[in-house]
Amino acid sequence: MSFTKVCTLDDVWEGEMEAFTVNGQDILLVCAEGGDIKAFQGICPHQDIPLIEGKFDGKKVICRAHLWQFDACTGKGINPDDCALAAYPVKIDGEDILVETDGVEPLFAHT
Amino acid sequence: MSNQVTINNRKDGRSFVQSAQDSILRAALRAGVGLSYECNSGGCGSCKFELVDGQIQSLWPDAPGLTERDKKRGRHLACQCRAVGDVTIAAPSGAEYVPRLAPGRQAARLVEVRDITHDMKEFRFVAADNANFLAGQFAMLELPGVTGSRAYSMSNTANDRREWHFQIRRVLHGQGTRVLFDQLAVGDVVELDGPYGLAYLRNDTPRDIVCVAGGSGLPPMISIARGAAEAGLLGERTLYFFYGARTPRDVCGEDMLRELEGYGSRIRYIPVVSLPEAPDSWQGATGYVHDQLQGVLPGALIDYEFYFAGPPPMTQAVQELLMVGHKVQFGQIHFDRFF
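Residues numbered from 1 in each chain as written. Chains lettered and ligands numbered in written order. Predicted model: local features only at pLDDT ≥ 70, side-chain atom pairs only at ≥ 80, totals over all residues.

J.: Looking at this structure, how should I read the interface of chain B and chain A?
T.: Quoted interface sizes are often the accessible area lost when the parts come together. Listed per partner, the contact involves 18 residues of chain B and 13 residues of chain A. The element contributing the most residues to the side of chain B that touches chain A is helix α7 (residues 312-325) of chain B, with four residues. In the side of chain B that touches chain A, the residues fall into five nonpolar, seven polar and six charged. (Contact = placed C-beta atoms within 7 Å. Helix = DSSP H or I, 4+ residues; strand = E, 2+ residues; numbered from the N terminus. Nonpolar A, V, L, I, M, F, W, Y, C, P; charged D, E, K, R; others polar.)

J.: Would you mind showing me how to read the sheet that holds strand β6 (residues 104-117) of chain B here?
T.: What links the strands of a sheet is backbone hydrogen bonding, and the strands pair in either a parallel or an antiparallel sense. All names here are of chain B. Strand order in the open sheet formed by six strands is β9-β8-β11-β6-β7-β10, and the pairing between neighbours is antiparallel. Of all the strands in the sheet, the pair left with one neighbour each is β9 (150-153) and β10 (163-169). Strand after strand, the sheet turns through a mean of 40° between neighbouring axes, direction not considered. Sheet analysis places strand β7 (residues 120-127) next to β10, joined by seven bridges and oriented antiparallel. Across the sheet, K121 pairs through a bridge with I168, a residue of β10. (Pairing = 2+ DSSP bridges. Axes fitted to C-alpha atoms, helices over the stretch in contact; angles between N-to-C directions.)

J.: Whenever I open this one, the confidence of the model for chain B confuses me. Can you help?
T.: A low pLDDT means the predicted coordinates there should not be read in detail. Across chain B, pLDDT averages 96, with 99% of residues at or above 70. Confidence metrics for the complex model read pTM 0.95 and ipTM 0.90. (pLDDT = per-residue confidence, 0-100.)

J.: Looking at this model, I keep getting lost on the nonpolar core. Mind explaining?
T.: Nonpolar side chains in soluble globular proteins tend to end up buried together. Counting 99 residues, the largest nonpolar core has A:V30, B:C211, B:M221, B:A225 and B:F241 as its most contacted members. Each of two domains, domain 2 (104-196) and domain 3 (208-334) of chain B, supplies a minimum of three residues to this core. Ignoring any residue separated from it by four or fewer positions in sequence, one finds B:A225 in contact with B:C211, B:L239, B:F241, B:L257, B:L260 and B:I267. Counting 22 residues, the second largest nonpolar core, distinct from the first, contains B:A27, B:C47, B:I56 and B:A83. (Core = buried A, V, L, I, M, F, W, Y, C linked by C-beta atoms within 7 Å. Buried ≥ 20, exposed ≤ 12 C-beta atoms within 10 Å, placed from the backbone. Domains from an automatic or database assignment.)

Laid out in structure tokens, this is it:
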């Protein structure tokens, strides 16, 4: 059980997403409208496409390849809705954003 | 060095043999192994893998499907890499990528060329062995003097005459089209490898069919329409065929659909022109083709099976309309991404 510092709050503003590699894992940090910071797998469950290359409209993360959409608060698939992004526990310590990667594996979906 | 090497995929435990002239991806598909892919042309990035052990050779180091970030992270494109000796890779795979018809190489002789528009021609080849492919698929052509193969969609359907028909638009400064349009003569032989592609006609759904073609995206949509008619799908279903053209002289495809049973009733053709030029030169719909879908289709978009092909701005707009705007199920949307 250990959290790793990823960046500071100044690196991910509300409505933004950023990609990081934490302990060898691709992680996407998103700050949804309202200011909640979440950490999800950085790669779309469909094909090996980094989600950072897609769009984030403040509510959903949209993969650039086939426009798969994920809820930025829960990681749940919106369309298609039978898939999800794996979420990593996040801790805020002062200005620092920390993420725990132990025991979280990226999810993959087949069409 | 032996001609054949073995590729092991650590992700799914499968292994397959690659012959000297094949890429890792083509070797997998030939062996019936469903590595994730889409364009087979270095553009889409769907076939990215990690090299775990062994040596590979890149056929196109600057392929646009691989970003700088991918390169830093040691990713490669299976469609643009060849194994040099046995290798172990980690590559995503899935049942949806397993080819229903294994691709094969064969010689193909050009037998006929006909004009479609001022800058589009149909090239008909007769292959040495077969013309087995699914409606909507594409093949790779090895053209003399052109580095790398080119993907072109077939406009016809599988047949016993071993005919593969390609409708190709001349690309300014395009190496492939220059050879096809200016150098290749009837009687010349090229190498054809196929079929490839996942955006083929599905005949197990009862929904009405919508084909959206833009510019050079005509042939796979014509193939889908022909395939649907031949398979008897249009007895109960209607097929809406949208064609987006720049100017009135770019409009095409209607003559091909007119030959199909049900044209005018079960098959509807809706041409859309984005640059009508003179006001009286065009009586049909104007604007972008994706903007016509909602007005023309009688039902809600979620009730149709969609096929589309065309330039990136069009396919992107259609995807956004369907996937984001109307939440059409991803399984009802069929297209091969080439970028």
